[in-house]
Amino acid sequence: MSPTAAARTDAGAHPVDVALPDRLEATLAAFLDERRAAAAAIDPAFGAAADELCAFVLGGGKRIRPTFAWWGWRGAGGDPDDPDVPAVLRAIGALELIQACALVHDDLMDASATRRGRPTVHVEFARRHADAAWRGRPARFGAAAAILLGDLALVWADDMLRGAGLPADAATRAVAPWEAMRTEVLGGQYLDVFVQSTGDTSTRAALQIDRYKTAAYTVERPLHLGAAIAGAHPDLVACYRRFGADIGVAFQLRDDLLGVFGDPAVTGKPAGDDLREGKRTLLLALAVERGTPAAVALIEQAIGDPDLPDETLDRVRNLLMELGAVQAVEQRIASLTGSALDALSTGAVAEPAASRLADLAVAATRRHR
């Protein structure tokens, strides 16, 4: 069961809860149509570039972040019959544009060729340059386009939140989690490339990246944003943040396993892509801690090798299992999920949000893509 599908499981749920995925898609599409027209008015070439960003946002994704934000809002007393629901949907929909910014830039920094089964943005624009025989190097043009379109997504995210039409007090409360989240995710992104460059294989470094690059903007701050819009008590915000931090890290640890062992037909990325990109994950840190010098040498040689042969990838996979690193990560995921659910049970989370958030926690950490 996907995280967004969790909202569909209760036949007695409110219609807005059940229709949440569709409502979010419609809200994003309407906003992006407006921005696409504004971009085209500057110049058709910029309009065509903006079209690619819009297609990227609307062409896939599990909408995990706005889903957590919605249930954070509902759990803090948000009423789906409130006339402000369209404004709430616009505000939390902005999280998908933060996600788009992060993915477009991340794919460029990692030199990833595919995303969701399609060429990444920098690869697509390099192809356009080459096909048109423009001047300069296609790869450089592709990188520049990806940087600018990622920035555009970040700008549009702010526009979408601030223009959502929330009541003035709710809009004011939304500022703190929004600003914190943006700084945290960029800090996490920087630490990711920094650690790849320094070769830090410690578990501390891996978990710090997980905390800020993923957990903060995937679960913790979206919940905080929804709660802030609803005017939640500080105790509930604290509960959400504990829950979100643990589930967010568990979510990333599952992603790390999928990055090495996932089926490309399901994940949309080549098998072993995280190894080839040089990602210093907890999975690899645990293997380095436990491995013999020969095993560690093999793992270190594999990390960051863009031409890593499939047979070497298979040897590294086997080592990760033999050294117990895979089992240890699975145990960490289970432990974090348990502690998150414990934190959730201590908060005054209104139903049906309490049950939905528990379902989302399990779905996010047991997924296959």
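Residues numbered from 1 in each chain as written. Predicted model: local features only at pLDDT ≥ 70, side-chain atom pairs only at ≥ 80, totals over all residues. Heavy atoms only, no water.

**Concerning the overall build of the chain**
In step 1: Looking only at helices and strands, the chain features 18 helices and two strands.
In step 2: What you see for the chain is a C-alpha radius of gyration of 21 Å, in line with the 21 Å of a compact globule of 369 residues.
In step 3: By the burial criterion, 53% of the 369 residues in the chain qualify as buried.
In step 4: By sequence separation, contacts in the chain at least 24 residues apart represent 77% of the contacts at least 6 residues apart.
In step 5: Accessible surface computed for the chain: about 15400 Å², of which carbon and sulfur atoms make up 55%.
In step 6: Treating the 39 positive side-chain charges of the chain as one cloud and the 49 negative ones as another, the clouds have centres 1 Å apart. (Helix = DSSP H or I, 4+ residues; strand = E, 2+ residues; numbered from the N terminus. Rg over C-alpha atoms; globule rule 2.2 N^0.38 Å. Buried < 20%, exposed > 50% of the residue type's maximum accessible area, 1.4 Å probe, protein only. Contact = heavy atoms within 4.5 Å. Areas by Shrake-Rupley, 256 points an atom, 1.4 Å probe, with all protein chains shown as cover. Lys, Arg positive; Asp, Glu negative; His and termini not counted. Charge placed at Lys NZ, Arg CZ, Asp CG, Glu CD.)

**A few points about the environment of lysine 279**
In step 1: Take lysine 279: it is sitting in the loop between helix H13 (273–277) and helix H14 (282–290).
In step 2: For the pair lysine 279 and lysine 62, spaced 217 residues apart in sequence, the C-alpha separation works out to 23 Å.
In step 3: Ignoring sequence-local partners within four residues, the contact set of lysine 279 consists of Asp106, Asp110, Asp192, Gln196, Lys213, Asp274 and Leu284.
In step 4: Of note is the side chain of lysine 279, whose polar atom sits 2.7 Å from the side chain of aspartate 110. (Polar contact = N/O pair within 3.5 Å; in protein donor to acceptor, adjacent residues only side chain to side chain.)

**Considerations on the packing of helix H11 (residues 234–261) against helix H17 (residues 325–346)**
In step 1: The contact between H11 and H17 brings their axes to 8 Å, and the two run at 160°. It follows that H11 is roughly antiparallel to H17 by the angle criterion. Note on packing geometry: the crossing formed by H11 with H17 is left-handed.
In step 2: For the contact of H11 with H17, the residue count by class is 16 nonpolar, three polar and five charged. (Axes fitted to C-alpha atoms, helices over the stretch in contact; angles between N-to-C directions. Parallel < 35°, antiparallel > 145°, perpendicular 65-115°, else oblique. Left-handed = near helix turned anticlockwise from the far one by under 90°. Nonpolar A, V, L, I, M, F, W, Y, C, P; charged D, E, K, R; others polar.)

**Some words on the pattern of salt bridges**
In step 1: Under the criterion given, the structure shown has 26 salt bridges.
In step 2: Note that lysine 279 and aspartate 192 form a salt bridge whose closest N and O atoms lie 3.5 Å from each other. Here the residue lysine 279 occupies a position in the loop between H13 and H14, and aspartate 192 occupies one in helix H9 (residues 168–198), the gap between them amounting to 87 residues.
In step 3: On the accessibility criterion, lysine 279 (11% relative accessible area) is buried.
In step 4: A relative accessible area of 5% means that aspartate 192 is categorised as buried.
In step 5: Residues joined in a network through salt bridges with shared partners are Glu52, Glu124, Arg127, Arg128 and Asp131. (Salt bridge = Lys/Arg side-chain N within 4 Å of Asp/Glu carboxyl O.)

That is the geometry; function is a separate question.
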